[in-house]
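Each chain, written out:
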Amino acid sequence: MRASLIQIAVDPDEPVADRRARAARLVREERGAADLVVLPELWPVGAFAADLFQPESEPLHGPTYKSMAAAARDAEVWLHAGSFVEAAGGALHNTSLVFSPDGELAASYRKIHRFGFDKGEAVLMAAGEDLVTFDLPHLTVGVGTCYDLRFPELFRGLVDAGAEAFVVPAGWPARRRAHWRLLAQARAVENQAYVLACGTAGSHAGVEQAGHSLVVDPWGEIVAEAGPGEEVLRAVLDPAKPAAIREEFPALKDRVLGVAAPRRTRVR
Ligand SMILES: NC(=O)CCC(=O)C(=O)O
């Protein structure tokens, strides 16, 4: 299975509508070269451009949905279209969209762990509540977004829901690039699953982006890594590999459920 991760640059001088058109063009250019195309987190506005979240928010079936559905159909690819700011019921969400090659919505995911502590996304957006997977022809894929990567229990939940690969769109800062690589590899190793982590390039809202999108295999090896600038990162995945590794090294079967529940250690 061929995957293309479009590590688009978010430049505040490029109007959102122009970047949307450019992203759609980049997706169409993968026609014949990819089965799955991935875009990063909040690429229309930039993950740290909190001032734009409200003014650039859209309903689910807004301009980003429409342009990405058409691009998936034209390119005949599965498209994880990254995320956009969704306005729904008076709240904002960091929502990812997945389209099938006929341009139908296959899944949508509202980011569960919001970043920013007491500012930005953490205060402006509402948290999602649902774990989401979608089925490619030979691979079940779980979805997380950026900061979610720091929360292993989310990914374990996705494994319990059948995931053999994770797609993680992100807007990760260059300052924590070491965490990005380490966490992507950790999620792959502990879950014996592919990780496709697609970040942004460029700099917006004063935050230089890490770039360095990654494809990590279920053994934890990095099979492809982008540089810091705008780039399309391509990799070939073997959909049989997660099951083969889980069979060869069956650590997931040794889980002791409930061990994480708080309890006192008695000193004898
Ligand atoms: N957009 C994000 O979720 C950023 C996450 C981040 O910077 C980090 O986890 O570090």
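Structure: see above.
The shown structure was predicted, so the numbers you read here are calculated from the model rather than taken from an experiment.

Asks: Just checking my understanding: could you explain the side chain of asparagine 191 for this structure?
Replies: Note that asparagine 191 resides in helix 6 (residues 177-191). Here asparagine 191 is in contact with Phe155, Arg156, Val159, Phe166, Arg246 and Leu252, once residues within four sequence places are set aside.

Asks: What am I meant to see in the pattern of salt bridges here?
Replies: Between side chains of opposite charge, a pair can form as their charged atoms come close. Enumeration over the complete set of coordinates arrives at 15 salt bridges. The closest approach of N and O atoms between arginine 2 and aspartate 35, which form a salt bridge, is 3.1 Å. Separated by 33 residues along the polypeptide, arginine 2 in strand 1 (residues 2-7) and aspartate 35 in the loop between helix 1 (16-28) and strand 2 (36-38) bring together distant segments of the chain. Of the charged contacts in the structure, one is a salt bridge between glutamate 30 and arginine 234, with a shortest N-O distance of 2.9 Å. Residue glutamate 30 is located in the loop between helix 1 and strand 2, and its partner arginine 234 is located in strand 14 (residues 231-236); the two are separated by 204 residues in the primary sequence. Accessibility expressed as a relative area gives 49% for arginine 234, which makes it partly exposed.

Asks: I would appreciate a short explanation of the environment of leucine 60 in the present structure.
Replies: Here leucine 60 lies in the loop between helix 2 (50-53) and helix 3 (63-75). The spatial distance from the C-alpha of leucine 60 to the C-alpha of alanine 88 is 7.7 Å, given a sequence separation of 28 residues. With near-sequence residues (within four places) excluded, leucine 60 lies in contact with Tyr65, Phe84, Glu86, Thr95 and Leu97.

Asks: Just checking my understanding: could you explain the site of the ligand for this structure?
Replies: What surrounds the ligand is the set Glu41, Ala47, Phe48, Lys111, Phe115, Cys146, Tyr147, Arg150, Gly171, Trp172, Pro173 and Arg176. Separating a nitrogen atom of the ligand from a side-chain N or O atom of glutamate 41 is a distance of 3.0 Å. A distance of 3.1 Å separates an oxygen atom of the ligand from a polar atom in the backbone of tyrosine 147. Taking 300 Å² as the accessible area of the ligand by itself, protein coverage stands at 99%. Cavity membership is defined here by more than half of the atoms lying within 2 Å of grid points; on that basis the ligand lies in the largest pocket.

Asks: So what exactly am I meant to see when it comes to the packing of aromatic side chains here?
Replies: Geometry of an aromatic ring pair is reported as the spacing of the ring centres plus the angle between the planes. Enumeration over the complete set of coordinates arrives at 10 aromatic pairs. Ring plane angle 85° and centroid distance 4.9 Å describe the contact between phenylalanine 155 and phenylalanine 166, whose orientation is recorded as edge-to-face. Of the two residues, phenylalanine 155 is situated in helix 5 (residues 152-160) and phenylalanine 166 in strand 8 (residues 165-169); the sequence distance between them amounts to 11 residues. Residue phenylalanine 155 shares its accessibility class with phenylalanine 166, and that shared class is buried. Summarising the aromatic geometry, the rings of tryptophan 219 and phenylalanine 249 are spaced 6.0 Å apart at their centres and angled 85° between planes, so their arrangement reads as edge-to-face. You can see tryptophan 219 sitting in the loop between strand 12 (214-216) and strand 13 (222-225) and its partner phenylalanine 249 sitting in the segment after helix 7 (241-248), a full 30 residues away along the chain. One aromatic cluster is present, built from ring pairs that chain together Phe48, Phe115, Phe117, Tyr147 and Phe151.

Reading the values: the criteria
The numbers attached to residues start from 1 for each chain and follow its sequence in the written order. Given that the model is predicted, a residue must reach a pLDDT of at least 70 before its local features are reported, and side-chain atom pairs must reach 80 or more before they are shown or counted; all residues, however, enter totals for whole chains, interfaces and linings. Only hydrogens and water are set aside; all other atoms, that is, all heavy atoms of the structure, feed into the side-chain values. Per the convention used, a helix needs a DSSP run of H or I reaching at least four residues, while a strand needs a run of E reaching at least two, with both numbered from the N terminus. By definition, residues are in contact when any of their heavy atoms lie within 4.5 Å. A pair is scored as a salt bridge if a Lys or Arg side-chain nitrogen falls within 4 Å of a carboxyl oxygen belonging to Asp or Glu. Exposure classes here rest on a 1.4 Å probe applied to the protein chains alone. A residue is buried below 20% of its type maximum, exposed above 50%, and partly exposed in between. Think of it this way: one heavy atom of a residue within 4 Å of a molecule or strand is enough to make that residue near it. Polar contact is defined as a pair of N or O atoms within 3.5 Å, subject to the rule that within protein one atom must be able to donate a hydrogen and the other to accept it, and that residues adjacent in sequence are counted only when both atoms are side-chain atoms. The Shrake-Rupley method, run with a 1.4 Å probe, gives the accessible areas here. Residue values count only the displayed protein chains as cover. Here a cavity denotes a set of grid points, spaced 1 Å apart and computed over the protein atoms alone, in which a 1.4 Å probe fits but from which it cannot get out, and a pocket denotes an open set meeting protein on both sides within 12 Å along at least five of seven lines; residues with an atom within 4 Å of a point are reported as lining. Molecule-in-pocket calls rest on the fraction of atoms, with more than half required to lie within 2 Å of the cavity or pocket grid points. When the centres of two rings from Phe, Tyr and Trp lie within 6.5 Å, Trp using its six-membered ring, the rings pair. Their planes under 30 degrees apart give stacked, over 60 give edge-to-face, and anything left gives tilted.

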